Amino acid sequence: MRKLSLAATCLAAAAFCSGAARAEDTTLTIESWRTDDIAIWQDKIIPAFEKTHPGITVRFSPTAPTEYNAALNAKLDAGSAGDLITCRPFDASLALYDKHQIVSLNDLPGIDDFSSVAKAAWTTDDGKTTFCVPMASVIHGFIYNADIFAELGLSEPKTNDEFFKLLEAIKTDGRYVPMALGTVDQWEAATMGYQNIGPTYWKGEDGRLALVAGKQKLTDEGWVEPYRVLKRWSDYLGDGYKAQTYPDSQNLFTLGRAAIFPAGSWEIGLFSQQAQFKLGAFPPPVASAGDTCYISDHPDIGLGLNATSKNAEAARTFLSWVASEEFATLYSNALPGFFALSKHQAKLDNELAKKFLSWRNDCQSTIRSTYAIVSRGTPNLENETWNASANVLNGVEPPETAAKRLQDGLDRWYKPAK
Amino acid sequence: MSSAKLNRWPSPRWHILVFLAPALSVYTALMVIPLALTLRQSLYNGVDGTLAFVGFENFSKLLFDPTWATSFWNALSNNLVFFVIHMALQNPIGIALAALLANPKLRLARFYRTAIFVPTILSFVVVGFVWKLILSPLWGVAPSMLKAIGLGWLFAPWLGREDSALIALSLISVWQFVGMPMILIYAALLSIPDEVLEAAECDGITGWSQFFKIKLPLILPTIGIASILTFVGNFNAFDLVYVSQGAQAGPNYSTDLLGTFLYRTFFGFQLQLGDTYMGATIASMMFLLILFGVCTYLFFVQRRLQRYQF
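Residues numbered from 1 in each chain as written. Chains lettered and ligands numbered in written order. Predicted model: local features only at pLDDT ≥ 70, side-chain atom pairs only at ≥ 80, totals over all residues. Heavy atoms only, no water.

What follows concerns the overall build of chain B. For chain B, the helix and strand inventory stands at 14 helices and 4 strands. For chain B, the C-alpha radius of gyration of 25 Å lies well beyond 19 Å, the compact-globule estimate for 310 residues. Across its three principal directions, the C-alpha atoms of chain B cover 85 × 75 × 30 Å. Within the span of chain B, comprising 310 residues, buried residues form 40% of the whole. Residue pairs at least 24 apart in sequence account for 64% of intrachain contacts in chain B once pairs closer than 6 positions are excluded. With an accessible surface of roughly 17500 Å², chain B has 70% of that area assigned to carbon and sulfur atoms. Charged side chains in chain B number 18 positive and 13 negative. The centres of these two groups are separated by 9 Å. (Helix = DSSP H or I, 4+ residues; strand = E, 2+ residues; numbered from the N terminus. Rg over C-alpha atoms; globule rule 2.2 N^0.38 Å. Buried < 20%, exposed > 50% of the residue type's maximum accessible area, 1.4 Å probe, protein only. Contact = heavy atoms within 4.5 Å. Areas by Shrake-Rupley, 256 points an atom, 1.4 Å probe, with all protein chains shown as cover. Lys, Arg positive; Asp, Glu negative; His and termini not counted. Charge placed at Lys NZ, Arg CZ, Asp CG, Glu CD.)

What follows deals with the domain arrangement of chain A. Residues and elements named next belong to chain A. Taken domain by domain, chain A holds domain 1 (26–137 + 298–350) and domain 2 (139–296 + 365–413). On a C-alpha basis, the centroid separation for the pair domain 1 and domain 2 is 28 Å. Around 1100 Å² of area is buried between domain 1 and domain 2 when both sides are counted, 57% of it from carbon and sulfur atoms. By the criterion of area lost to domain 2, the three top residues of domain 1 are F90, D91 and H298, representing 47% of everything that side buries. Inspection of the domain 1/domain 2 interface yields 2 salt bridges. With a closest N to O distance of 3.0 Å, R376 and D125 form a salt bridge. At the surface where domain 1 touches domain 2, the tally comes to 6 residue pairs in polar contact (both at pLDDT 80 or more). Within the side of domain 1 that touches domain 2, the residues separate by chemical class into 7 nonpolar, 4 polar and 2 charged. (Domains from an automatic or database assignment. Buried area = accessible area lost by both parts, 1.4 Å probe. Salt bridge = Lys/Arg side-chain N within 4 Å of Asp/Glu carboxyl O. Polar contact = N/O pair within 3.5 Å; in protein donor to acceptor, adjacent residues only side chain to side chain. Nonpolar A, V, L, I, M, F, W, Y, C, P; charged D, E, K, R; others polar.)

Below, the discussion takes up the domain arrangement of chain B. All names here are of chain B. Domain boundaries assigned for chain B yield domain 1 (20–55) and domain 2 (65–308). Distance from the C-alpha centre of domain 1 to the C-alpha centre of domain 2: 30 Å. At the interface, 9 residues of domain 1 touch 7 residues of domain 2. Buried area between domain 1 and domain 2, both sides added, is near 720 Å², and the carbon and sulfur share of it is 71%. Considering only the surface of domain 1 that becomes buried against domain 2, L39, Q41 and S42 emerge as the three largest contributors, covering 51% of it. Summed over the shared surface of domain 1 and domain 2, the number is 0 salt bridges. In this assembly, domain 1 and domain 2 are joined by 1 residue pair in polar contact (both at pLDDT 80 or more).

Turning our attention to the interface of chain A and chain B. Chain A puts 41 residues into the contact, and the matching count from chain B is 34 residues. Summing the contributions of chain A and of chain B, the shared interface buries around 3300 Å²; its carbon and sulfur component is 58%. Counting across the interface, chain A meets chain B through 0 salt bridges. Run the count over chain A and chain B and you get 11 residue pairs in polar contact (both at pLDDT 80 or more). Taken together, the elements giving at least two residues each to the side of chain A that touches chain B come down to α1 (2–20), α3 (65–78), α4 (91–98), α11 (246–254) and α16 (381–394) of chain A. Here the element with the most residues in the side of chain A that touches chain B is α16(A); it accounts for 7 residues. Each residue belonging to the side of chain A that touches chain B can be placed in one class, and the counts come to 13 nonpolar, 16 polar and 12 charged.

Let's shift gears to the nonpolar core. Residues and elements named next belong to chain A. W41, W233, I260, F318 and Y331 are the most contacted members of the largest nonpolar core, which totals 129 residues. Ranked by the residues each element gives to this core, the list is headed by strand β4 (residues 132–145), at 9 residues. Counting contributing residues per domain, this core is built from domain 1 (26–137 + 298–350) and domain 2 (139–296 + 365–413), each supplying no fewer than three. (Core = buried A, V, L, I, M, F, W, Y, C linked by side-chain atoms within 4.5 Å.)

Residues and elements named next belong to chain A. With the rule as written, the count across this model stands at 21 salt bridges over all chains. In this structure, E31 and K75 form a salt bridge, with 3.0 Å as the shortest nitrogen-oxygen distance. Here the residue E31 occupies a position in strand β1 (residues 26–32), and K75 occupies one in helix α3, the gap between them amounting to 44 residues. When its relative accessible area of 3% is taken as the criterion, E31 is described as buried. Note that K355 is salt-bridged to E156, the shortest N-O span being 2.8 Å. Of this pair, K355 sits in helix α15 (residues 351–362) while E156 sits in the loop between α6 (146–152) and α7 (160–173), placing them 199 residues apart in sequence. Linked by salt bridges that have partners in common, E221, E225, R228 and E400 make up one network.

Our next topic: the side chain of B:T230. Residues and elements named next belong to chain B. Following the sequence through the fold, T230 ends up in helix α11 (residues 207–235). Residue classification places T230 among the buried positions, given a relative accessible area of 7%. Among the polar contacts made by the side chain of T230, one reaches the main-chain carbonyl oxygen of A226 at a distance of 2.6 Å. Sequence-distant contacts of T230, that is, excluding residues within four places in its chain, are made with F83, H86, Q90 and N91.

This brings us to the state of the cysteines. Residue and element names in this part refer to chain A. Counted under the stated rule, the structure contains 2 disulfides over all chains. In this model, C87 is linked to C132 through a disulfide, with the two sulfur atoms separated by 2.0 Å. Between C87 and C132 the disulfide shows an S-S torsion of about -75°. By sign, it is left-handed. Of this pair, C87 sits in strand β3 (residues 84–87) while C132 is found in strand β4, placing the two residues 45 residues apart along the sequence. Using a relative accessible area of 0% as the deciding quantity, one classes C87 as buried. In this model, C293 is linked to C363 through a disulfide, with the two sulfur atoms separated by 1.9 Å. (Disulfide = S-S within 2.5 Å.)

Within a regular strand, the side chains alternate between the two sheet faces. Residues and elements named next belong to chain B. In this sheet, strand β2 (residues 50–53) lies alongside strand β1 (residues 44–47) in antiparallel orientation, the contact comprising 4 bridges. Bridge pairing links G46 to L51 in β2. Hairpin remark: β1 followed by β2, antiparallel, with 2 residues in the connecting loop; positive phi at D48, about 50°. (Pairing = 2+ DSSP bridges.)

Now for the environment of A:P284. All names here are of chain A. Within the secondary structure layout, P284 lies in the loop between β7 (279–282) and β8 (294–305). Along the sequence, P284 and P157 sit 127 residues apart, while their C-alpha atoms lie 8.9 Å from each other. Those residues within four positions of P284 in sequence are excluded, and the remaining contacts are H140, G141, F142, N196, I197, T200, Y294 and I295.

Attention now goes to the packing of helix α13 (residues 258–267) of chain B against helix α14 (residues 276–301) of chain B. Each pair of packed helices can be summarised by the angle the axes make with each other and by the distance between the axes. Residues and elements named next belong to chain B. Remark: α13 packs on α14, axes separated minimally by 8 Å, with the N-to-C direction vectors making an angle of 160°. The pairing of α13 with α14 is recorded here as roughly antiparallel in orientation. Taken as a pair, α13 and α14 cross one another with a handedness that is left-handed. Only T276, M278, G279, A280, I282, A283, M286 and L289 of α14 make contact with α13, whose side of the interface consists of L258, G259, F261, L262, T265 and F266. Residues of the contact of α13 with α14, tallied by class, amount to 10 nonpolar, 4 polar and no charged. (Axes fitted to C-alpha atoms, helices over the stretch in contact; angles between N-to-C directions. Parallel < 35°, antiparallel > 145°, perpendicular 65-115°, else oblique. Left-handed = near helix turned anticlockwise from the far one by under 90°.)

Set out below in structure tokens:
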């Protein structure tokens, strides 16, 4: 019943919108989960496109992030989805392509301006078909309050020991919460915790690909150790971190009550606006001095074409533009922290964003370990990783038990070719 | 003779059909058919990309395969706890409040009645959000209020702890919906004729014993209805958990109800893709559970309830 009424609402909405559009114009609708970006799309990105492409009007119509997948799937099934579909990376979008709901973009002008690594998140397993134009990636690391660091005479940590000494120093001082992170929303613990520091231990792509190939298991040292490190974090989180939500953590940090925020680069925009202090950032610390550092440089947003779109030609024009240098520069600067993936070198204005981006030169990049291939079944590895990371931080599940549970879950459905 | 024939074969009452038709067709289109389709869907599954009839395989998977069964039984037991807390608190408190409100000596009865009933008409989203703020260990008023009366040590991040999150949510839900049984029972209490109560008073039955011996038996059928509404509402519950704990019903699935489990399965969540067949199976299980509960009530309780006509 729910599905039916949802479909009916969508149909009604679509009918209303198409009726309202001017007849001579082609109107493109973009489905997205980036509700935060409405203003940027409407004030900067869309006007820039419409200026050079008369006759095409673009509407940006996002859904709340947690509901996006469900709403999008329902709309696509009902045939009422917009012309352009913002693509989640890896399996979620691959499933759409496999269901013929989004189409191949191999022949799109401009698609060759992306490296195969950039396209990997939206390319079939055999590497032959790309079905979304890569828009942006996000990089993980730690953002800190530089004023607090200066006040307490602290400097950016390079190794784990330095990192924990730093946390201890802030805790001893007692005026600030060392680290702003809560577990109630779960994904924070996994995305900003485990996936942030983890690549250092499983050696980035080497470990990830070995896991996908079945040559490593989540119970191996490289995959359990990050949970052990994560467990040590719990001493340095705020009071009541178990019921602290993600917006709570953001507020705690931007109000200057916490010193360090385990982050993704997507925070840069909001923090630059809201924080009244100087911001700094450092990459995930390494085990011992001189080790190679690893960062999670995760392709996050792509844009695909709805297979049933009636404005396919106009939509392809828009997609081509998304692949252009103009878009890359516009987007990276409008949304600092979302780094364009094309080969064009976009010039960035935001200092913090530049810093995050500079780690690409010093460290090895990898993507989130659970995003490709190993989260296709039930139980879902990504979702279970949220749960396990939160449990470890809450102290209700030892790292080894959590790792074993995840591997057992994976073993139930995932049989990699040996 | 012809008039006798007419009496025996009255003309069909078409107007009944005509007047029922709109409601009936809407109800059939929006409730009956989708329900039947859901039940049918639970017997199918996508095998190698094609639709295949699998009989009760989905159900056995849900009940016995550890991948699904762990979540299912966990959600079901949480649902039972949720229901038991409601039954233990919401209805007794509702009855007590109704009894107090029905007391003619109570001043400002209308104000209390409205104040207690208002949360019922609030959206789950508002209630979940407000309570999350109140209970927030960082900015909530709960910790500071407890501190002010010297009970600061009592505070814990209740919504973030496995042992307390479900209870906290149940209490929030009780707070929100206590107005429902209150209003129903209040109406029932008001409908008790004064003669009955006067007669009781003549026999020397007053105060508490009047409530337990005269009023309570008379409002039992209403309490039954309130209970069954609570049961159906609790086993369909979803919104409050979704709003305050997210679709993964944390911490560690301790607040996972059948509703949130259904949502995660049917629509998918984050990287989990939606599985409409298993989703339909869970929905069918919910339907069967509620059907079973309601039927049990109707056969074993409702039939034995005495009704008094005045």
